[in-house]
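Per-entry structural report
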Amino acid sequence: MGARGPVHEALDELELVDHHCHGVVTGPLDRAGFETLLTEGDRWPGVSPFDTPAGVAVRRHCAPVLGLERHAPADAYLARRAELGPAEVNRRFLRAARTGVLCVDTGFDAHRLTTPAELAGAADAIAHEVVRLEPVAEEVAARGVGAGGYADAFRAAALDAVRRPGVVAVKSVAAYRTGFVLDPARPSDAEVTRAARRWLARGGRLDEPVLVRHLLWTAVDLGLPLQLHTGFGDRDIRLHDVDPSHLTEWLRLTAGTIPVLLLHCWPYQRQAAYLAAVYEQVYLDVGLTLHHVGPARARAVLEEALEITPFRKLLYSSDAYGVAEFYGLGALAFRRGLGDLLQDRVDADELDLADALRLARWAGADNARRVYRLPDAH
């Protein structure tokens, strides 16, 4: 890490806007439960998620928030966590993140998680909702719609969902369902009906390619910013199929419509940067990546993302889910990584200090406020 300077100080003081995150678990976690949430993979015999870059970063940077010494052993860390209780642990890490606004994806709740309002209370922040569209489609199917009525029913349900108070965006997890190697064109009504007949007959998750295309085009019609998971994720992902550059033709077809937010991106942050550099509607973050690489490598990831990305196109997200540690760790990694690279450019006279401070505010908060049309202050 380079020498600390005024850019670091400004980022430390800045209330972040976390443009993509999730709730945290409200009940107690045993070791198995905590370790499951510490990794995007599975728990394997003889291999602890504490022995990963994310696990080491938790023991180094999160232990002091719980009143422990840095690098506390895993057993001591979990014992202290249990002693404080879920509510206090969540409050400490959410306050430590110093996030003023949270845009919460409510579409995945494999555990009992905080609602956006509960999350906002713990963080002393304002929470908005991001509607995940795949569950909306699956709820429509569960109600017994016919193939011919699916398109209209899904559109109506999606419109109802985005009209809820506090909704600022929609999201698709097409990356997990089909990947992005799809025909980019809007499917015809006949194609949608045939695909709906196939999907409704077999049931299950929405993984029918034509209907995923239809979902993406419905998102365009809704008029709100669209978040797209890209790159790194759990083992449902086929990584080579979720390179965001596969979206190029679709982005050409949707030019001039809605903002498209490419989430997380690693290891494709350079491809995402290219798309943000050449398509007006494209923005990106490296959110989920930051707490998995930890503060020690956050700069390297951010530097690649910012090689050609316009500075108005980078946003902050934690993509924290389940354990509140990832709120604190994600914010720390972002502040330190961005502070290091901008401060070093100032020190090398490659960047004026006033410009560096402006760019830090943009990435940490103002770009998200602009894209999601959020109020200017917490």
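Right above here is the structure, for reference.
Below, the structure is looked at part by part. All figures in this text were calculated on a predicted structure; none of them were measured in a lab.

**A word on empty space enclosed by the protein**
Summed over the entire model, instances satisfying the criterion amount to two cavities of 30 Å³ or more. Surrounding the largest cavity, Phe180, Leu182, Asp183, Pro184, Ala185, Arg213, Leu216, Trp217, His246, Leu247 and Trp250 form its lining. Broken down by element, the lining of the largest cavity gets its largest block of residues, three residues, from helix α11 (residues 209-222). Along the lines of polarity and charge, the residues of the lining of the largest cavity split into eight nonpolar, one polar and two charged. Size it by volume and the second largest cavity reaches roughly 40 Å³. Mapped onto the lining of the second largest cavity, the elements with two or more residues apiece are α16 (325-347) and α17 (353-372). The biggest single contributor to the lining of the second largest cavity is α17, with three residues.

**Some words on the sheet that holds strand β3 (residues 126-132)**
Across the sheet, seven strands lie side by side as β1-β2-β3-β4-β5-β6-β7; this open sheet has parallel pairing. In this open sheet, the two strands that pair with only one neighbour each are β1 (16-21) and β7 (282-284). Mean inter-strand twist for the sheet, computed between neighbouring axes without regard to direction, equals 25°. Of the pairings in the sheet, the one linking β3 to strand β4 (residues 167-172) comprises four bridges and is parallel in character.

**Focus: the pattern of salt bridges**
Following the criterion strictly, the structure yields 27 salt bridges and no others. The shortest N-O distance in the salt bridge between Arg91 and Glu88 comes to 2.9 Å. On the criterion of helical spacing, the pair formed by Arg91 and Glu88 is a turn pair, its members being three residues apart in helix α5 (residues 86-96). Residue class for Arg91 comes out partly exposed when judged on its relative accessible area of 34%. Given the relative accessible area of 23%, Glu88 is considered partly exposed. For Glu304, the salt bridge identified is with Arg270, shortest N-O distance 3.7 Å. With a gap of 34 residues between them, Glu304 in helix α15 (residues 295-305) and Arg270 in helix α13 (residues 269-278) connect regions that are remote in the sequence. Accessibility expressed as a relative area gives 26% for Glu304, which makes it partly exposed.

Thresholds, definitions, all that
Residues numbered from 1 in each chain as written. Predicted model: local features only at pLDDT ≥ 70, side-chain atom pairs only at ≥ 80, totals over all residues. Heavy atoms only, no water. 1 Å grid on protein atoms, 1.4 Å probe; cavity = no way out; pocket = protein on both sides within 12 Å on 5 of 7 lines; lining within 4 Å. Points joined across faces, edges and corners; volume = space filled by probe spheres on them. Helix = DSSP H or I, 4+ residues; strand = E, 2+ residues; numbered from the N terminus. Nonpolar A, V, L, I, M, F, W, Y, C, P; charged D, E, K, R; others polar. Pairing = 2+ DSSP bridges. Axes fitted to C-alpha atoms, helices over the stretch in contact; angles between N-to-C directions. Salt bridge = Lys/Arg side-chain N within 4 Å of Asp/Glu carboxyl O. Buried < 20%, exposed > 50% of the residue type's maximum accessible area, 1.4 Å probe, protein only.

No statement about biological role is implied by the geometric values presented.
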